[in-house]
Each structure stands twice: as structure tokens, then as C-alpha cells.
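Inside the fold
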Amino acid sequence: MSLTTLLNIKYPIIQGGMANISLAELAAAVSNAGGLGIIGSGGWDANRLRDEIVKCKKLTDKPFGVNLMLMNPHCDELAKVIVEEGVKVVTTGAGSPGPYIEMFKAAGIKIIPVVPSVALAKRVARLGVDAIIAEGTESGGHVGELTTMALLPQVVDAVDLPVIAAGGIADGRGMVAAMALGACGVQIGTRFLTAKECPVHENYKQAILKAKDTDTVVTGRSVGVPVRCLKNPMTREYVALEKKGVSAEELEYLTLGSLRKAVLDGDVKGGSVMVGQVAGMLSKVQTVSEIIEDIYNHASKVMEDLKVS
Ligand SMILES: O=C(O)COc1ccc(-c2c[nH]c(CNC(=O)Nc3ncc(Sc4ccccn4)s3)n2)cc1
């Protein structure tokens, strides 16, 4: 079954659920443009998520989803809100969705976990999920170790499920490459961060547009929470402390709420500007519709050129 049929969307393009960033305005714009918009529930509680779902329903009559970040202690209550509000699709990250699969399946909700490894892909496949997002380390935010180019075909070979590619995809070339490796669609985060409808502080967007290919770094791998973000004074301090073997608790002050500092306050020096390795490919703010049309039309042209050659 194709991803567009499975999710009842026009384009096989999912917007990555990003904590504090993919609110109703961005998710609804992606769904209205023919992709699947995803509300990023991050560290929210039930009331905060319900408010955003209600807002999203007012902005689009198309399907949209919610991302559950499984490190969030409120996940149990969020899962109940997702069922009560009739959300059609759930993506999950930063943990295993095992505890919630039964209730989501009983409610007819499509479950699509993000996985950074074949082992995790096999584990969630056995649990009966509907599709899998194989996310390479090129991605922004919380990442695994394998690149999309290496991880994706191995996940495709390991499970008998639709596999969506994520990490390092920002235009039609990346989309065609992902499909060539066996993906049925793509999940895109970084490029949507520069969308007009994305609510991040202007400083965050400008920092992304100014970034070059080598301007991201993964902090926290030594303390078990690897997160890719833009290099800045905060990451330089964090990496120096990591090299000294400082504990996770002592490093917590550098990450606690640091995403919010960048997203809400625009502090791109002291905050965590989570972004993927494709930031260097982005040079202008566009509307969500322009982004989706550009990616899809570019992918169609790449496919045409491949046929001709
Ligand atoms: O259950 C196990 O054995 C471990 O399972 C997993 C381990 C990791 C993952 C994983 C890696 N990447 C993803 C999907 N992407 C993400 O989840 N990206 C994220 N970006 C920012 C996030 S919020 C955050 C999180 C930590 C520190 C600071 N902020 S979550 N999931 C999925 C499952």
C-alpha cells in the first residue's frame, strides 16, 4: 500500500514532529498543502496538547498527526487525549511506543515510530505498527548513529512494512534517493523550520539560513542523549565539559529548556538550535506550500532526467 493511500494524503511527505516548534499553524499548513502535518507534543501535558489539536482542527479539515516524544513523563495522559480527540496518525520518538500500541490500534490510529536502528525497527514491527520512519543521524534533534544512506536500506530489508526516510532530506534529489533506497515517502524537519508558517523566533530561522554544511554538532552522546544542533557558544561549552567527563546531571543546565531559549527567546548563542545537516542547503524563507510543491516537482524532474539518460 502506498503512503498516500495509508495516510489519505496527496504527497508522500510528512513534516517531522518537532517539540515546541510544530504547533497547529505549521502542521495545518503542511496538511492543507497535501502533506501530513504533525503537532510536536514534546514535553507538554494533556491540556496543552488538547488545545493545540483543537486549534489544528479549526485550521484544516485534512488528516494531521501528533508526535509523542517518549521521554516525556506525561505520555500516558497525552495518549488518552490523542484517542479522545480522534487524531488519525501518531509518530513517536526517543523511545519505544510499546505501551501505547494496543490503545492506538483499538482506536484505529496509524502508529509510525521513528527508529535509529534495525534492531528497533524489528522490535516495533513485531508490536504491529503501521509503518516505520528510519531516521539517520543527519537529522536535527535527538539522533542515532547511522546515516540515512546506511540505515534506510537495512531497515527496508529487515521489515515487511512501509518505511519512510528521515534525516538529510531537503529537496527533490533527497526524496528520489530515499525512494531508490526503498522508502515509500519522506519525513522532513529542517526545511520546514525555515517555512513562513513555522513559529520559531526569526533569529532561529536566520541562523539556519546562514549555516554552512559543517555547522552542526551532536552534543550529549557521552551522556546518552545525543542531540544535533547548530554549533554556538553553548555547544562549545557543552562539548568541552563532555570531554572532561562531566556527568549528565551537571550538563543538564545546558540543555534543560535550552530548545525553548532558542525557539521562543531567539537566543541562538546560549540556546539549543536543533537543526539537521542539510541547513547549508537552505537560503530563503518560503511558504509551506512553496516548499512542498518545490520538493515534489524537483523529484518529478529528477525522475524524468533519470529516465531520459
Ligand atoms: O527503547 C529503546 O531502546 C530506545 O529507543 C529509541 C531510542 C532513540 C530513538 C530516536 C532517535 N531519534 C528519534 C526521533 N527523533 C527525535 O525524537 N528527535 C527529537 N529531537 C528533540 C527532541 S526533544 C529532546 C530530547 C532529548 C533531549 C532534548 N530534547 S526528540 N527517536 C527512538 C527509539
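Use the structure listed above.
A brief structural summary. This one's a predicted model, so the numbers in the text were calculated from it and none came from an experiment. (Residues numbered from 1 in each chain as written. Predicted model: local features only at pLDDT ≥ 70, side-chain atom pairs only at ≥ 80, totals over all residues. Heavy atoms only, no water.)

Regarding the site of the ligand
Near the ligand lie 16 residues; those nearest to it are Ala94, Gly95, Arg123, Glu135 and His142. In the environment of the ligand, an oxygen atom lies 3.2 Å from a nitrogen or oxygen atom belonging to the side chain of Arg123. Glu135 is positioned with one of its side-chain polar atoms (N or O) 3.0 Å from a nitrogen atom of the ligand. Against a free-state accessible area of 720 Å², the protein chains account for coverage of 75% of the ligand. At the level of secondary structure, the elements contributing two or more residues to the shell around the ligand comprise α6 (118-126) and β7 (141-142). For the shell around the ligand, the residue count by class is 9 nonpolar, 5 polar and 2 charged. (Near = heavy atom within 4 Å. Polar contact = N/O pair within 3.5 Å; in protein donor to acceptor, adjacent residues only side chain to side chain. Areas by Shrake-Rupley, 256 points an atom, 1.4 Å probe, with all protein chains shown as cover. Helix = DSSP H or I, 4+ residues; strand = E, 2+ residues; numbered from the N terminus. Nonpolar A, V, L, I, M, F, W, Y, C, P; charged D, E, K, R; others polar.)

So, the packing of aromatic side chains
This model, assessed by the stated rule, comprises 2 aromatic pairs. Relative to Tyr296, the ring of Tyr11 lies with its centre 4.7 Å away and its plane at 45°, an arrangement referred to as tilted. Here Tyr296 lies in helix α14 (residues 288-308) and Tyr11 lies in the loop between α1 (3-7) and β1 (13-15), a separation of 285 residues in the sequence. On the basis of relative accessibility, which here comes to 6%, the residue Tyr11 falls in the buried class. For Tyr296, a relative accessible area of 32% gives the class partly exposed. Ring centres of Tyr100 and Phe104 lie 6.4 Å apart, and the angle between their planes is 35°; on these two criteria the pair is classed as tilted. Here Phe104 and Tyr100 lie together in helix α5 (residues 98-106), a separation of 4 residues that amounts to about one turn. Accessibility expressed as a relative area gives 10% for Tyr100, which makes it buried. A cation over an aromatic ring shows up here: Arg48 above the ring of Trp44, its NZ or CZ 4.2 Å from the ring centre. (Phe/Tyr/Trp six-rings, centres within 6.5 Å; stacked < 30°, edge-to-face > 60°. Buried < 20%, exposed > 50% of the residue type's maximum accessible area, 1.4 Å probe, protein only. Lys NZ or Arg CZ within 6 Å of the ring centre and 35° of its normal.)

Section: the sheet that holds strand β4 (residues 89-93)
Within the open sheet, the 8 strands sit side by side as β1-β9-β8-β6-β5-β4-β3-β2. Their pairing is parallel. Both outer strands of the open sheet, β1 and β2 (37-40), are each paired with one neighbouring strand and no more. For this sheet, the mean inter-axis angle between neighbouring strands, taken without regard to orientation, is 25°. In the sheet, β4 pairs with strand β5 (residues 110-115) via 4 bridges, with the strands oriented parallel. What sits directly across from Thr91, in β5, is Ile112. Helix α4 (residues 75-84) contacts β3 (64-69) and β4 of the sheet and is inclined by roughly 170° relative to β3. In the packing of α6 onto the sheet, contacts are made with β5 and β6 (132-135), and the angle to β5 comes to roughly 165°. (Pairing = 2+ DSSP bridges. Axes fitted to C-alpha atoms, helices over the stretch in contact; angles between N-to-C directions. Contact = heavy atoms within 4.5 Å.)

Topic: the layout of surface pockets
The computed volume of the second largest pocket comes to approximately 180 Å³. Forming the boundary of the second largest pocket are Asn203, Gln206, Ala207, Lys210, Ala211, Leu230, Lys231, Asn232, Pro233, Arg236, Val268 and Lys269. Broken down by element, the residue count for the lining of the second largest pocket peaks at 4 residues, all from helix α10 (residues 202-210). Along the lines of polarity and charge, the residues of the lining of the second largest pocket split into 5 nonpolar, 3 polar and 4 charged. (1 Å grid on protein atoms, 1.4 Å probe; cavity = no way out; pocket = protein on both sides within 12 Å on 5 of 7 lines; lining within 4 Å. Points joined across faces, edges and corners; volume = space filled by probe spheres on them.)

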